[in-house]
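# Understanding the architecture of this molecule
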Amino acid sequence: KGHSKGLICSSACLQGEISWHLNTNERNTKFGAKGYEKAKEIALEYKEMFGDDFYLEIMRHGISDQHYIDKQIIQLSIETGIKIVATNDTHYPKKDIADAHEAFMCIAMNKSYNDPNRLKHDVHEFYIKSPQELAKLYADIPSVIHNTQEVANKCNLEIKLGNPTPPNFKFTIDNLKE
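Our subject in this report is the structure included herewith. From a predicted model like this one, the values you see are computed outputs, not experimental measurements.

## Here's the deal with the side chain of Asn 23
- Secondary-structure assignment places Asn 23 in helix H1 (residues 17-24).
- Since its relative accessible area comes to 16%, Asn 23 is described here as buried.
- At 3.2 Å, the side chain of Asn 23 and the side chain of Asp 65 are in polar contact.

In structure tokens:
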């Protein structure tokens, strides 16, 4: 909370706490309808912390859990006034190299590509999509594309290439003991 000024925050993917609670709504008897209420409570906490710089994320990669929570995210936005941004998880630059990414994941986890128990994606949609592809994905709620551009317009990052400036950390032996 104390360091939220000037930061833009979004609710994250399916593993983010808001989406996770929405995904448990009605699907999991342990949480039941409380999942939505908990997600709303958390969203309002972030809204209090980040103000208009907090956004709900909506993703459309063809994953059933994402489809399941879409309507809930929209409802949450209506009830809280928190804008929704269209996001796209990106693991590789082009769709046609999804298999290569799968192979890299196997190498990283010391698994065989043919191992039925290896980590793998059910969809091959984690690539950099064109503006046209994203506009088509979110044609039913075009405001999310506008909101994503709003976030981009708020960003101001300058990276000077060729002359790296490492962070200036001051530490002492006492700091290292903590």
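## As for the packing of aromatic side chains
- Within this structure, the stated rule accounts for 2 aromatic pairs.
- Measuring from centroid to centroid gives 5.3 Å for Tyr 46 and Phe 54, while their planes differ by 20°, and the two rings are stacked.
- Among the aromatic side chains, those forming a connected cluster through ring pairs are Tyr 46, Phe 50 and Phe 54.
- The ring of Tyr 113 has Arg 118 lying over it, and the distance from NZ or CZ to the ring centre is 4.4 Å.
- In this structure, Lys 129 is placed above the aromatic ring of Tyr 127, and the distance from its NZ or CZ to the ring centre is 4.5 Å.

## As for the pattern of salt bridges
- Applying the stated criterion across every chain, the model contains 11 salt bridges.
- Between Glu 125 and Lys 95 there is a salt bridge; the shortest N-O distance is 2.8 Å. Placement of the pair is Glu 125 in the loop between helix H4 (98-108) and helix H5 (131-137) and Lys 95 in the loop between strand S3 (84-87) and H4, with a sequence separation of 30 residues.
- Among the salt bridges present, the one from Asp 115 reaches Lys 111, with a minimum N-O distance of 3.9 Å.
- Asp 115 sits in the buried class, given a relative accessible area of 19%.
- Salt bridges here are not isolated pairs; linked through shared partners, they connect Asp 53, Lys 83, Glu 150 and Lys 154.

Conventions adopted
- Residues numbered from 1 in each chain as written.
- Predicted model: local features only at pLDDT ≥ 70, side-chain atom pairs only at ≥ 80, totals over all residues.
- Heavy atoms only, no water.
- Helix = DSSP H or I, 4+ residues; strand = E, 2+ residues; numbered from the N terminus.
- Buried < 20%, exposed > 50% of the residue type's maximum accessible area, 1.4 Å probe, protein only.
- Polar contact = N/O pair within 3.5 Å; in protein donor to acceptor, adjacent residues only side chain to side chain.
- Phe/Tyr/Trp six-rings, centres within 6.5 Å; stacked < 30°, edge-to-face > 60°.
- Lys NZ or Arg CZ within 6 Å of the ring centre and 35° of its normal.
- Salt bridge = Lys/Arg side-chain N within 4 Å of Asp/Glu carboxyl O.

These values are about where atoms sit, not about what they do.
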